[in-house]
Every structure is written in C-alpha cells, then in structure tokens.
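Descriptive structure summary
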Amino acid sequence: MSLIVRPARADELAPAQELVARSINELTVRHGFGAIATPRPPDFQAFCLRDDPRGLWVAEDGDQLAGYALSWVSGQLWFLAELFVAPDRQGQGIGAQLLGRALEHAVQAGAAERCLITFAFNLVSQSLYARHGLLPRVPIHLCSAARASLAGRTPHSALRATPIRDSADDLDALRRIDLASLGVPREKHHRYLLAVPGMQGVFLDDADERVGYAYVAPSGHIGPLAVLHAQAMPAAFHAALALAAAGEGGQVSVFVPGTSEALVIAARLGLRFALPMVLMSEH
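About the criteria used
- Residues numbered from 1 in each chain as written.
- Predicted model: local features only at pLDDT ≥ 70, side-chain atom pairs only at ≥ 80, totals over all residues.
- Heavy atoms only, no water.
- Helix = DSSP H or I, 4+ residues; strand = E, 2+ residues; numbered from the N terminus.
- Contact = heavy atoms within 4.5 Å.
- Areas by Shrake-Rupley, 256 points an atom, 1.4 Å probe, with all protein chains shown as cover.
- Lys, Arg positive; Asp, Glu negative; His and termini not counted.
- Charge placed at Lys NZ, Arg CZ, Asp CG, Glu CD.
- Core = buried A, V, L, I, M, F, W, Y, C linked by side-chain atoms within 4.5 Å.
- Buried < 20%, exposed > 50% of the residue type's maximum accessible area, 1.4 Å probe, protein only.
- Salt bridge = Lys/Arg side-chain N within 4 Å of Asp/Glu carboxyl O.
- Pairing = 2+ DSSP bridges.
- Axes fitted to C-alpha atoms, helices over the stretch in contact; angles between N-to-C directions.

This part is about the overall build of the chain. Secondary structure assignment for the chain yields nine helices and twelve strands. Its C-alpha atoms put the chain at 65 × 40 × 35 Å along the principal axes. A sequence separation of at least 24 residues applies to 70% of the contacts in the chain between residues at least 6 apart. Accessible area for the chain stands at about 13500 Å²; split by element, carbon and sulfur atoms hold 56% of it. Across the chain, the 24 positively charged side chains and the 27 negatively charged ones have centroids separated by 4 Å.

Below, the structure is given as structure tokens:
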C-alpha cells in the first residue's frame, strides 16, 4: 500500500513513542552510545494534541506506523519536539514529508522563530533541517551523575527556593522570566509541568529579587531552568543541583548549553557528558 501522512490520533500516541524509542536506540547504538531510550507514557504528547492538534502527524503504510512528528507553538516560537522514522523505513523520504507538514504548522500559527534540538551526530537529519534554513547554533550536553555521588558536594547557593503555585501571580512572574530569557511566554507548559505528579517547581530568589526558576522531576532530571540575567546562573544551577541531590531519583541529569557557565560547574562536580546534542534554528 502507499504511504499516507495524516494528522495523529490520540490512540496512536503510545505506539508513536515506541517508534521513537526504536529509532533513537538504532541511532545511538550505531554511534557507540548504546541503547538509551525506553518508551514513555505519552502524557506530554496528549497534552500537545489537546492544545493544538495541528502539530502532530503520523506516516502510515497499510497498518504499519512508519513515522511520527510533533511540533508545538508558544507565542512566536515554533519548536519541533519529535520527528522520527521507523529504522526499516529510513532513507525513503518519509522524514522530509513529515517535516513539511510540521513546517506548515509554523506557518499556520504565524510563528516568527523556528527551532529544534537534535543529536549532534545525526548528520542526515541536520542536513534535512539545514535545507529548510535551520542551522546548528548551540551545542547542548546531556550531563548526568549518580545522585549519591553529589550528596554533600553541591556548594551552598545564596538563592532561596520558593514553590511555584498555579496562580495568576506566579504564572505572571514565570512569564516575565521567560520573556527576559527566551523572548516568548510559556504559560501552557508551566501549567502542564505544575500538574505532573512529584514535579518540584521553584522560584529562585536573591533577597527581594526573583531571579529565576527551576523544575526538578522525580527521576532527578533538572529542567527547564531559566534566569533573568547570566550572572545568576551559577547560583541558580547550584540550587537546582542541590534540590535534585536531595531527591529520591537514582540519577541527576540536565541538558546544559555549551555557552553556559553551568557546564563548567557540571564538569567540576563530576557530572558525565553523556550525550551531545545541538540546537538548530533560523536565527
């Protein structure tokens, strides 16, 4: 049967995450990183489908799922969160068709900025994205360490951590930080994160000044983390690491841009550079 690319349905999100895990593991094993992905419940994907179904697409051939793409829009920013093709269907132009549909989403939403994050060693995908004006801009490293190895080693942070509430005042404070650091608001994503069971969301305050925020997942993963000005990043990163080290997850992990002082802190504390990624964008 011929390939069909169409909008995704809710009942296809779990099989799509299985495809994502297979595709990631095929790539990372081939490049010597081993199998790193396991299928996860499609909670965020279902949230995106409810919020804006224009951003989710599947490619099917008969009763077989051959590819899948997810993009979301926040303000003027379009972000390609997932685009994966089944390992046995790669090299057949399926990724290009899915990307075309995803880019239509950006046009329909009137997004002025387009970006994504992909594996730094995935040169085929980078070439595809570059043909559409998305160029490699910033290296990003997934850093990780056993939580026990950080216990008692994270320096004291001068910042005070205050829980984020799902209230108008707190969402407005988050909006101000996001506009200062990213240039776009992310209220819907904050509402999603604050509803995740076990997620710690905190403001980071320096005396009377609210300088940033951080989230720490039950697994020990840190992020997102944002600050109003670069000078606050070291103290904010130390505060987030301390929260993660005090948790119950076996690992502490975080994605750190190569342009950030936080990468120096991660290296000095013994976090391993586990996976190289790259931010690709128009501007």
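Once the structure has been displayed, the description carries forward.
Attention now goes to the nonpolar core. One broad rule of soluble globular proteins: the nonpolar side chains tend to lie buried together. Within the largest apolar cluster, 30 residues are counted, with the highest numbers of intra-cluster contacts made by Ile24, Cys48, Leu56, Tyr68, Phe119 and Leu275. Elements that contribute at least two residues to this core include exactly helix H1 (13-30), helix H2 (43-51), strand E2 (56-61), strand E3 (64-74), strand E4 (77-85), strand E5 (113-119), strand E6 (135-146) and strand E12 (272-281). Those residues in contact with Phe119 that lie beyond four places of it in its chain are Ile24, Leu27, Thr28, Ile36, Gln126, Leu275, Pro276, Met277 and Val278. Core analysis: the second largest hydrophobic core is formed by 29 residues, Leu150, Leu241, Leu269 and Leu271 among them.

Once that is clear, we can look at H2. Taken as a whole, H2 has its buried residues at Gln45, Phe47, Cys48 and Leu49. The secondary structure elements touched by the buried residues of H2 are H1, E2, E3, E4 and helix H7 (187-194).

Among the structural elements, Gly34 can be located in the loop between H1 and H2. Judged by relative accessible area, which is 28%, Gly34 ranks as partly exposed. Separated by ten residues in sequence, Gly34 and Ile24 place their C-alpha atoms 9.9 Å apart. Setting aside chain neighbours within four positions, we find Gly34 in contact with Thr28 and Val29.

What follows deals with the pattern of salt bridges. Under the counting rule described, the total for this entry stands at 15 salt bridges. Arg6 is the partner of Glu12 in a salt bridge, and the nearest nitrogen-oxygen pair spans 2.2 Å. Classification of Arg6 as buried rests on a relative accessible area of 15%.

Glancing now at the sheet that holds E4. An order of E1-E2-E3-E4-E5-E12-E6-E11-E10-E9-E8-E7 is seen for the twelve strands of this open sheet, with the pairing classed as mixed. Single-partner strands in this sheet number two, and they are strand E1 (3-7) and strand E7 (160-163). Recorded for the sheet is a direction-independent mean angle of 25° between the axes of neighbouring strands. In the sheet, strand E9 (residues 209-216) pairs with strand E10 (residues 221-227) via four bridges, with the strands oriented antiparallel.

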